[in-house]
Amino acid sequence: MSIEIKISDIFHLQTGATVFAGLIIGEKEIFKDNKMQLWIDNKEYQTVNITGEMLMDRKHPLNHRAVSTYDAIELTSDFVRSHECKLI
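What comes next concerns the included structure. Each chain carries its own residue numbering, running from 1 in the direction its sequence is written. With pLDDT at 70 or above as the cut-off, local features in this predicted model cover only qualifying residues; side-chain atom pairs require 80 or more to be listed or tallied, and sums for whole chains, interfaces and linings still use all residues. In computing side-chain properties, one takes all heavy atoms of the structure into account and sets aside hydrogens as well as water.

### Let's talk about the pairing of strand E3 (residues 34-40)
Right, on to step 1. Residue alternation in E3 divides its side chains into a buried set, Asn34, Met36, Leu38 and Ile40, and an unburied set, Lys35, Gln37 and Trp39.
Right, on to step 2. Strand pairing requires that DSSP identify at least two bridges connecting the strands. To qualify as a helix, a DSSP run of H or I must reach at least 4 residues; to qualify as a strand, a run of E must reach at least 2; elements of each kind are numbered from the N terminus. Pairing between E3 and strand E4 (residues 43-54): 7 bridges, direction antiparallel. Each bridged residue has a counterpart across the sheet, and for Gln37 the counterpart in E4 is Thr47.
Right, on to step 3. Hairpin remark: E3 followed by E4, antiparallel, with 2 residues in the connecting loop; positive phi at Asp41, about 50 degrees.
Right, on to step 4. Taken together, the 3 bridges between E3 and strand E6 (residues 85-87) define a ladder with antiparallel strand orientation. Bridged to Leu38 within E6 is Leu87. For every residue, the accessible area obtained with a 1.4 Å probe (protein chains only) is divided by the maximum for its type, and the residue is called buried under 20%, exposed over 50%, and partly exposed between those limits.

Put into structure tokens, the structure is as follows:
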């Protein structure tokens, strides 16, 4: 499976989950319990354990999708919007 998510925003939920939202490039399937690498400005940052996909039943107007993790992610929306961030 080859998939890349170009991250456009990040949300930290009260449940402890972090949600990455963005455009899917490559394969369209996202599987629960999938490990992906978080890259920032073309440098590997950390491994992220994807726990599931959000927005599965709703169609985003820009075809964005969202995945969640319970891993500690120290990024903010402002940071993500001003850097090239992606999950591979």
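### Quick word on the pattern of salt bridges
Right, on to step 1. Between Lys or Arg on one side and Asp or Glu on the other, a salt bridge is scored when a side-chain nitrogen of the former is within 4 Å of a carboxyl oxygen of the latter. Applying the stated criterion to the full structure yields 4 salt bridges.
Right, on to step 2. Between Arg65 and Glu53 there is a salt bridge; the shortest N-O distance is 2.4 Å. Of this pair, Arg65 sits in strand E5 (residues 64-69) while Glu53 sits in strand E4, placing them 12 residues apart in sequence.
Right, on to step 3. Residues Asp78 and Arg81 are paired through a salt bridge, measuring 3.9 Å at the closest nitrogen-oxygen approach. Note that Asp78 and Arg81 are positioned in helix H1 (residues 77-82) at a spacing of 3 residues, about one turn of the helix.
Right, on to step 4. For Arg81, a relative accessible area of 53% gives the class exposed.

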